[in-house]
Amino acid sequence: MELQGTDTNYSMNSTDITFVETKCLFCAESSDKLLYPMKLEKTDFNAYAFSARRKRKREHYRILVCEKCGLVRSDPVIEKEQLDLLYGESQFIYSEEAPFAAETYLQLLQEKVIPYIEGDLKNKTLLEIGCGNGFFLENALELEINDVTGIEPSRSCYENASGKVKKNIINDVFRVETFQGKKFDMICSFHVLDHVPDPKQTLADVMELLSPGGCVLLACHDVESWSVKLMKDHTPIFDIEHIYLFSKNTLSRLMSEAGFEVVEVSSYTNTYPLGYWLRMMPVVSGLVQFLPKSLKNIPLPVKAGNIYAVGKKPCRRKYS
Ligand SMILES: [Zn+2]
């Protein structure tokens, strides 16, 4: 299987796309209710659609909710091998917003994780899953965490990493085996969990890679936020990139079933330039080009429907 096209717009040959069913992560026999019918074409499977912070087209899979547990998911979705190809070719297009995101994520790390990490930060290890061009890792280095590693499937993002962090980034799909037994004190992943086909496996992998007493910090969309209630399937949360969509409840349950002590699950505020917020909103995004640059660049903090979760790997394994 290969992607076709130019450097900037690889697309999947639409006759080759394979869809697979998804299942509720919690219920052996889920009771599925249709939230929204599928709104996409096979031609939507191109590298641009799988690039972070692209212009939204509002394409999404069929969206189901399990009435037993409340978990929301896309179904059916593109199979993993093809998905990995798309992320491998996805484009680096978020240089303007990256410093703002880095600031938000750094604050979460400092306020919500570091207080739980015992000992000198200099001797601690940090892994970021889905690190993009390493914008967050650069900030983590400034906290004097000397041993930082990122893993990122997109070749374009990797190539856009700065000289400060490029050597710390592994350009590949996340797999436990890549780390050859290395353990980390902190593992972070921002807006990745709702993109992975098997979040249970991802959390099991995180558990394996954490040192006892180590912490995971996750951020993802909140499927129960005000913006989803207001904009329904016009919100960017229902998107070709998203497979499982979490709420505070379902994210907390996922973590505790994976064996983490759930320290905190809550919503957080993002600060981005006004122009970015407007571009993310389907109704007004076309008007952004008419705004003067001074207005577009005003930083604006908004609780936009994102949640974070902190989990701790128990120091001792529980035997039952
Ligand atoms: Zn369920």
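Structure first, text after, so check above.
Undergrad: Mind showing me how you'd approach the coordination of the zinc ion here?
TA: Between any two of four tetrahedral donors, the ideal angle at the metal is 109.5 degrees; between two of six octahedral donors, it is 90 or 180 degrees. The zinc ion binds to the protein through Cys24 (SG), Cys27 (SG), Cys66 (SG) and Cys69 (SG); the donor distances cover 2.3 to 2.4 Å. Every donor counted, the four donor atoms about the zinc ion form angles of 95 to 121 degrees at the centre, which fits tetrahedral coordination. Counting along the primary sequence, the residues that act as donors to the zinc ion give the motif C-x2-C-x38-C-x2-C. Residue cysteine 27 is located in the loop between strand S3 (19-20) and strand S4 (32-36), and its partner cysteine 66 is located in strand S5 (residues 63-66); the two are separated by 39 residues in the primary sequence. The pair cysteine 27 / cysteine 66 is uniform in exposure class, with both members buried.

Undergrad: I keep staring at the pairing of strand S9 (residues 147-151) and nothing clicks. Help me out?
TA: Regular strands show a simple pattern: their side chains alternate between the two faces of the sheet. The buried fraction of S9 amounts to four of the five residues, a majority that puts the element mostly inside the structure. For the handedness criterion, the β-α-β arrangement of strand S8 (residues 125-129), helix H3 (residues 135-142) and S9 is classed as right-handed. Here two bridges tie S9 to strand S10 (residues 169-170), and the two strands are oriented parallel to one another. From the neighbouring strand, isoleucine 151 faces S10, where its bridge partner is isoleucine 170.

Undergrad: Would you mind showing me how to read the pattern of salt bridges here?
TA: When their charged atoms lie close together, side chains carrying opposite charge are able to pair. Counting across every chain of the model gives 11 salt bridges. Two residues, glutamate 89 and arginine 155, come together in a salt bridge whose shortest N-O distance is 3.2 Å. Placement of the pair is glutamate 89 in helix H1 (residues 80-89) and arginine 155 in helix H4 (residues 155-159), with a sequence separation of 66 residues. We classify glutamate 89 as buried; its relative accessible area is 15%. Judged by relative accessible area, arginine 155 falls into the partly exposed class, the value being 40%.

Parameters at a glance
Residues numbered from 1 in each chain as written. Predicted model: local features only at pLDDT ≥ 70, side-chain atom pairs only at ≥ 80, totals over all residues. Heavy atoms only, no water. Donors = N, O, S within 2.8 Å, 3.2 Å for Na, K, Ca; no water. Tetrahedral: all angles 85-135°; square planar, octahedral: opposite > 155°, others 65-115°. Helix = DSSP H or I, 4+ residues; strand = E, 2+ residues; numbered from the N terminus. Buried < 20%, exposed > 50% of the residue type's maximum accessible area, 1.4 Å probe, protein only. Right-handed = clockwise from strand over helix to strand, strands pointing away. Pairing = 2+ DSSP bridges. Salt bridge = Lys/Arg side-chain N within 4 Å of Asp/Glu carboxyl O.

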